[in-house]
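For reference, the chains in residue letters:
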Amino acid sequence: SSETFNRRLRLLQNVEEGRRVGELGQRFHSGRDAALKFMRSEHLSAFDLSREPEAVRTSYGSTKFERGCLLARRLVESGVRFVQVRHGEHGGYDTHEKHYPAHENLLREFDGAAAQLIADLKVRGLLESTVVIAAGEFGRTPKVNKNKGRDHWLKGWSLAFAGGGFRGGYVYGKTTDNGDDVAHDPLTVPDLMATICHTIGIDPETEYHDELDRPIKLVDDGNIIHDLLV
């Protein structure tokens, strides 16, 4: 119960009181304080999907990913700055065999829930201030392998964006007809990161320094792709 938890916490604080702690101990205490702040936050109600009307819950679906998209919308509404929804456990999109049955099911689930998330954000006036990104870590080979699967492919893959100043209904870049390479308008990872940073109000040229004063650029040599933006 909350009473038992608070009593134990007071006991721990009494034990720790007056004890000297080094940097590691201070980091531990900071982490614990952050956890306590989260546990006692008034925004925890965002995780309670039962507060949503049944019709809304039904419109998203009942799988873990579909409910995750609904939760993402509620977290954005409550002020959370970054939300990640993972799709596809136990291998997911990493289909080195039996590619098409797996992807048909994955994309059917993804399409409905992601579309509902975008529509829901728009209705609530949140889409313009929220960047929605659908992305994997790399593409799949244009050719099917002997196991009826598709392997890792770094030379081209697709990402989708919505909201946050990105143009809707627009396609940037193109692969060759057989998909084995980029034909025009290549988009590098640094370009992608620079563009995303720009849309959310962060200067991609920002430079940080670590504890040894070594310079670390937020984005290395990336260009903002303005054709992607409104």
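Everything below is about the structure shown above.
Residues numbered from 1 in each chain as written. Predicted model: local features only at pLDDT ≥ 70, side-chain atom pairs only at ≥ 80, totals over all residues. Heavy atoms only, no water.

## A look at the packing of helix 4 (residues 64–77) against helix 5 (residues 99–123)
Axis angle and axis distance: for two packed helices, these are the angle between their axes and the distance between the axes, and together they describe the pair.
Next, step 1: Relative orientation of the contacting elements helix 4 and helix 5 amounts to 15 degrees, with a least axis distance of 9 Å. Here helix 4 lies roughly parallel to helix 5, going by the angle between them. In terms of crossing hand, the pair formed by helix 4 and helix 5 is right-handed. Here Phe65, Glu66, Cys69, Arg73 and Val76 of helix 4 lie close against helix 5, whose contacting residues are Glu109, Phe110, Ala113, Ala114, Leu117, Asp120 and Leu121.
Next, step 2: Among the residues forming the contact of helix 4 with helix 5, the class breakdown is 8 nonpolar, no polar and 4 charged. (Axes fitted to C-alpha atoms, helices over the stretch in contact; angles between N-to-C directions. Helix = DSSP H or I, 4+ residues; strand = E, 2+ residues; numbered from the N terminus. Parallel < 35°, antiparallel > 145°, perpendicular 65-115°, else oblique. Left-handed = near helix turned anticlockwise from the far one by under 90°. Contact = heavy atoms within 4.5 Å. Nonpolar A, V, L, I, M, F, W, Y, C, P; charged D, E, K, R; others polar.)

## Observations concerning the nonpolar core
Next, step 1: One finds Tyr60, Cys69, Leu70, Leu117, Leu121 and Val132 to be the most contacted residues of the largest nonpolar core, which totals 13 residues.
Next, step 2: Counting only elements with at least two residues in this core, the list comes to helix 3 (54–60), helix 4 and helix 5.
Next, step 3: Within the second largest apolar cluster, 6 residues are counted, among which are Phe166, Leu192, Leu228 and Leu229. (Core = buried A, V, L, I, M, F, W, Y, C linked by side-chain atoms within 4.5 Å. Buried < 20%, exposed > 50% of the residue type's maximum accessible area, 1.4 Å probe, protein only.)

## Quick look at the pattern of salt bridges
Next, step 1: Per the counting criterion, the structure on display carries 12 salt bridges.
Next, step 2: Residues Asp48 and Arg51 are paired through a salt bridge, measuring 3.5 Å at the closest nitrogen-oxygen approach.
Next, step 3: As a salt-bridge pair, Glu52 and Arg74 come within 2.7 Å of each other at their nearest N and O atoms. Of this pair, Glu52 sits in the loop between helix 2 (23–39) and helix 3 while Arg74 sits in helix 4, and the two are 22 residues apart along the sequence. This pair shows no difference in class: Glu52 is buried, exactly as Arg74 is. (Salt bridge = Lys/Arg side-chain N within 4 Å of Asp/Glu carboxyl O.)

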